Amino acid sequence: MKRKEEAAKDRCCSSLEPIHLDLKLTRLPAKFLMKTHQKKLLCRVESGTAIKREDDQKEKLDPIPFDVEVEILTRLPAKSLMKFQCVSKMWSFIIRSQRFVDSYYALSSTRSRFTVTFSNGLFAEDDARRLFIFSSSYEEEKSSSLVAKLDITIPFVTMAYRSKCPSIHGFVSCCNGLQFIVCNPSTRQVITLPIKGPRASLGYDPVGEQFKVLNLVSSPDMYLGFLVHEVITLGGGGEESRNQVTTAPYYPVTKGLYINGSIYHGAWAPRLRMDPVIVCFDVRYESLSFIKAPRLVVVPERESILIDYKGKLASIAINPYAPFQIFDLWILEDVNKHDWSKQTFELPFSLVNMTSPGTNKAGEIIFAPKTLPPTVQPFFIFYYNVETKDLRRVCLHGIADDKEFWRRYGLRHNMCVSISPEHVESIASL
């Protein structure tokens, strides 16, 4: 009998094979990953008696090397990481460390993602007013359909007509009256800031690694001889400081656009409808300057749209009184010399109720609806290749395209939409 127990014991322990770690583990369920984090395994026999072996005869599973653990974690979705902080103190320490946050962002920036944000109509009931933030990835560069997933909903927030909800360094922002909303869709952190004027834009200082909000406080109609801006620096779960910056009067025309450490918006200065300029705010040094612009770059009647075109400021100028088929692309080639170039393009067919949020990583210009369809319909976006002159249509599944979604959230017509073409998943917090 004793020999049989020893034989059973040997078979149990000898069947334990060493773990050969493969990065395919990142595709397995969370429960499996949690089990692999255990350091020891206790062998028991059928008799129910625990078999104790001498220390020198024990066969143990080697613990996963620390650097491999980090490698596994960086390849997981951000929402999974938020849950995995409960696995162990070690994993929580890794995920919260600034070094890991930076590494995760660097790896995420190599993936192509974008956000789609919309809110219920202005005529919706108060309890139905809500901001919806979806995200999707360019899984295939030439795919005819993509799937979006709902990341977060923020109650009591409504987008105004032509509002923008840009994604900047992993955070999405928008104005809600005299409130400025900043949120991380991945971690679901939401911060609400009081502002003193309805025009506000989020920017990021890549050197100081700080988020800042530029808020236009005064109006040129107040005849003060200057304009007052408030710069809100974020940190510590909210705001850290507020500073005032003044500049010569100007009349803002377009919404703000963040590109590589600066916030741009079109304006007239000093004379209304006479002197078009681009107002440039340096996020790091908190200074404002003016860039001269051609007249057609900043013309409200032609619906000028500022975009990030391959890292440069550009403007798409269209005629709102004619079918949207021909447009001008103005590109700021030299910021210091105020040098602009112009190209004119004609689309294969006309677009209706469309605007441009910018370009994808391939350099294709994106055209997207300004509002959601008034009923349950597919949501389409268009990609225009300026080299081949091809215009392709992509169906984006999951954007309020079923009756149950409309019923659950009490959706109404006239729902404004904002697309941010370059979104990076981040696990950072403010």
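Residues numbered from 1 in each chain as written. Predicted model: local features only at pLDDT ≥ 70, side-chain atom pairs only at ≥ 80, totals over all residues. Heavy atoms only, no water.

Caption draft 1: Representation of the overall build of the chain. Tallying secondary structure elements over the chain gives 7 helices and 26 strands in all. With 430 residues in all, the chain has 48% of them scored as buried. Of the contacts made within the chain by residues no fewer than 6 positions apart, 50% connect residues no fewer than 24 positions apart. Surface summary for the chain: the accessible area is close to 22600 Å², and the carbon and sulfur share equals 52%. (Helix = DSSP H or I, 4+ residues; strand = E, 2+ residues; numbered from the N terminus. Buried < 20%, exposed > 50% of the residue type's maximum accessible area, 1.4 Å probe, protein only. Contact = heavy atoms within 4.5 Å. Areas by Shrake-Rupley, 256 points an atom, 1.4 Å probe, with all protein chains shown as cover.)

Caption draft 2: Summary view of helix H3 (residues 66–74). If you check which residues of H3 are buried, you get Glu 69, Ile 72, Leu 73 and Thr 74. Where H3 is buried, its residues meet helix H4 (78–84), helix H5 (89–96) and helix H6 (98–108).

Caption draft 3: Quick look at the packing of H5 against H6. At a closest axis distance of 5 Å, the pairing of H5 and H6 adopts a crossing angle of 65°. Residue-level contacts link Ile 94, Ile 95 and Arg 96 of H5 to Gln 98, Phe 100 and Val 101 of H6. The class makeup of the residues in the contact of H5 with H6 is 4 nonpolar, 1 polar and 1 charged. (Axes fitted to C-alpha atoms, helices over the stretch in contact; angles between N-to-C directions. Nonpolar A, V, L, I, M, F, W, Y, C, P; charged D, E, K, R; others polar.)

Caption draft 4: Structural context of the pairing of strand E22 (residues 354–359). With 5 of its 6 residues buried, E22 lies for the most part within the structure. What sits between E22 and strand E23 (residues 365–369) in their antiparallel hairpin is a turn of 5 residues, with Gly 363 showing a positive phi close to 90°. (Pairing = 2+ DSSP bridges.)

Caption draft 5: Summary view of the sheet that holds strand E3 (residues 145–147). If you walk across this open sheet you meet the 5 strands as E3-E25-E24-E23-E22, and the pairing is mixed. Bordering the open sheet on either side are E3 and E22, each of which pairs with just one other strand. The mean inter-strand angle of the sheet, taken between neighbouring strand axes irrespective of direction, is 30°. Here E23 runs beside strand E24 (residues 379–384); their pairing, made up of 3 bridges, is antiparallel. If you follow Ile 366 over to E24, its bridge partner there is Tyr 383.

Caption draft 6: Region of the structure containing the layout of surface pockets. The computed volume of the second largest pocket comes to approximately 570 Å³. Lining the second largest pocket are 25 residues, with Gln 98, Val 101, Ala 428, Ser 429 and Leu 430 positioned closest to its centre. Contributing elements (two or more residues each) for the lining of the second largest pocket: H5, H6, strand E10 (210–216) and strand E11 (227–235). With 4 residues, the top contributor of residues to the lining of the second largest pocket is H6. Here the lining of the second largest pocket is built from residues that sort into 12 nonpolar, 9 polar and 4 charged. (1 Å grid on protein atoms, 1.4 Å probe; cavity = no way out; pocket = protein on both sides within 12 Å on 5 of 7 lines; lining within 4 Å. Points joined across faces, edges and corners; volume = space filled by probe spheres on them.)

Caption draft 7: Broad picture of the environment of Asn 184. Among the secondary structure elements, Asn 184 is positioned in strand E7 (residues 179–184). You can call Asn 184 buried: its relative accessible area is 0%. Residues Asn 184 and Ile 152 lie 32 residues apart in sequence; the distance between their C-alpha atoms is 9.0 Å. Apart from the residues lying within four places of it in its own chain, the contact partners of Asn 184 are Gly 170, Phe 171, Gln 189, Ser 426, Ile 427 and Ala 428. Separated by 2.9 Å, the side chain of Asn 184 and the backbone nitrogen of Ser 186 make a polar contact. (Polar contact = N/O pair within 3.5 Å; in protein donor to acceptor, adjacent residues only side chain to side chain.)

Caption draft 8: Quick peek at the environment of Thr 375. Topologically, Thr 375 is positioned in the loop between E23 and E24. Thr 375 sits 25 residues away from Ala 400 along the chain, and the two C-alpha atoms are 9.4 Å apart. One polar contact links Thr 375 to Gln 377, side chain to side chain, over a distance of 2.9 Å.

Caption draft 9: Quick peek at the sheet that holds strand E8 (residues 189–194). Reading across from one edge, E5-E6-E7-E8 is the order of the 4 strands in this open sheet, with antiparallel pairing throughout. Across the chains shown, the open sheet's two edge strands, defined by having one partner strand only, are strand E5 (167–168) and E8. Bridge count between E7 and E8: 6 bridges; the pairing is antiparallel. Each residue of the ladder has a partner; that of Ile 181, found in E8, is Thr 192.

Caption draft 10: Main features of the confidence of the model for the chain. Of all residues in the chain, 83% attain a pLDDT of 70 or more, and the chain-wide mean is 83. Here residues 1–6 scores under 50 on pLDDT; set against residues more than four positions off or in separate chains, the count is 0 contacts. Low pLDDT (under 50) marks residues 8–58, which in the prediction has 45 contacts with non-local residues, meaning those over four places away or in another chain. (pLDDT = per-residue confidence, 0-100.)

Caption draft 11: Summary view of unusual backbone geometry. Cis rather than trans, the peptide bond between Ala 269 and Pro 270 has omega equal to -5°. With respect to the secondary-structure elements, Pro 270 resides in the loop between strand E15 (262–268) and strand E16 (276–282). Look at His 338: it is not a glycine, yet its phi comes out positive at around 60°. For His 338, the location among the structural elements is in the loop between strand E20 (324–334) and strand E21 (339–351).

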